[in-house]
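Summary of structural features
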Amino acid sequence: MSYTEKNVAIVNKILETTNYYEILNIPQNATNKDIKAAHRQLALQVHPDKNNCPNAKKAFQNVRIATAILLDEEKRKQYDRSLKFGGLKLDQLNLSDDAIDAILMGAGLASFVGIAAGLWALYGWIKSPKKDESKYTR
């Protein structure tokens with residue numbers, strides 16, 4: 001699999017960062033619109049279907065988690081308090097994949113990458129040679 005130094009740098013930056021605002025490269029007072037825009041940009045850069053470098057899948061998952069936490073009003077308040085006062089472990093904010101999907105879909109984000117991946121797969125299926133199915137029909 002091929003990938004560029006830029007791919008590796010983006011993935012490494014995300015994996016080395018524990019602050020969700022820094023992962024998305026947004027200020028702490030970012031609006032939901034800012035969060036969504038940052039998510040779209042990063043998701044396209046680190047999605048495992050687009051970035052073949054090692055750990056791209058984990059970086060993509062970190063972007064999804066950061067986005068979901070910051071878009072959920074209550075989770076964001078808890079997260080902001082933990083940044084300011086400490087005491088809250090990030091795993092206490094942990095969301096299941098279903099919860100992350102629900103938040104991202106509600107924000108109109110989860111389907112963005114999913115639709116693109118689905119269309120890409122459909123294009124590949126349409127362009128791929130079909131096996132002769134005449135021998136299977138009566």
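Each chain carries its own residue numbering, running from 1 in the written order of its sequence. Local features are withheld for residues below a pLDDT of 70 in this predicted model, meaning they are given only at 70 or higher, and side-chain atom pairs are given and counted only at 80 or more; totals for whole chains, interfaces and linings count all residues. Side-chain measures here rest on the full set of heavy atoms in the structure, leaving out hydrogens and waters.

Considering the overall build of the protein
What the protein contains, in helices and strands, is seven helices and zero strands. Strands are runs of DSSP state E lasting at least two residues, helices are runs of H or I lasting at least four, and both sets are numbered from the N terminus onward. Helices and strands in the protein line up, N terminus first, as α-α-α-α-α-α-α. Residue burial is assigned from relative accessible area. The probe radius is 1.4 Å, only protein chains are included, and a residue is buried under 20% of its type maximum, exposed over 50%, and partly exposed in between. For the protein, the proportion of its 138 residues judged to be buried stands at 33%. Method for areas: the Shrake-Rupley scheme with a 1.4 Å probe, in which residue coverage is limited to the protein chains shown. A total accessible area of about 9,300 Å² is found for the protein, and carbon and sulfur atoms account for 53% of it.

Let's talk about the packing of aromatic side chains
When two rings of Phe, Tyr or Trp (its six-membered ring) have centres within 6.5 Å they constitute a pair, described as stacked for plane angles under 30 degrees, edge-to-face for angles over 60, and tilted for the intermediate range. Under the criterion given, the structure shown has two aromatic pairs. Judged by centre distance (4.7 Å) and plane angle (20°), the ring pair of Y20 and Y79 falls under stacked. On the criterion of sequence distance, the pair formed by Y20 in helix α2 (residues 20–24) and Y79 in helix α5 (residues 73–85) is long-range, its members being 59 residues apart. Given the relative accessible area of 1%, Y79 is considered buried. With centroids separated by 5.9 Å and ring planes inclined at 40°, the aromatic side chains of Y21 and Y79 adopt a geometry described as tilted. Linking Y21 in helix α2 with Y79 in helix α5, this pair joins segments that are 58 residues apart in sequence. Clustering of aromatic rings is evident, with ring pairs tying together Y20, Y21 and Y79.

Section: the pattern of salt bridges
Note on definitions: salt bridges are taken to be side-chain nitrogens of Lys or Arg within 4 Å of carboxyl oxygens of Asp or Glu. Counted according to the given criterion, the structure contains one salt bridge. Its salt-bridge partner being K77, residue E73 comes within 3.6 Å of it at the nearest N-O pair. Of this pair, E73 and K77 both sit in helix α5, four residues apart, which is roughly one turn of that helix. The class for E73 is exposed, based on a relative accessible area of 58%.

Quick look at unusual backbone geometry
Positive phi is not limited to glycine here, since N25 has a value of about 60°. Within the secondary structure, N25 sits in the loop between α2 and α3 (32–46). N25 sits in the exposed class, given a relative accessible area of 66%. A positive phi angle, close to 75°, is found at N55, a residue other than glycine.

Concerning the nonpolar core
Residues belong to one nonpolar core when they are buried, are Ala, Val, Leu, Ile, Met, Phe, Trp, Tyr or Cys, and are joined through side-chain atoms within 4.5 Å. Core analysis: the largest hydrophobic core is formed by 30 residues, its most contacted members being I14, Y20, L24, I26, V46 and L70. Among the elements of the structure, α1 (5–16), α2, α3, α4 (56–71) and α6 (97–106) are those that each provide at least two residues to this core. Of all the elements, α4 adds the most residues to this core, at 10 residues. The contact criterion used throughout is that any non-hydrogen atoms of two residues lie within 4.5 Å. Excluding its chain neighbours within four sequence positions, the residues that come into contact with I26 are Y21, D34, I35, A38 and L70.

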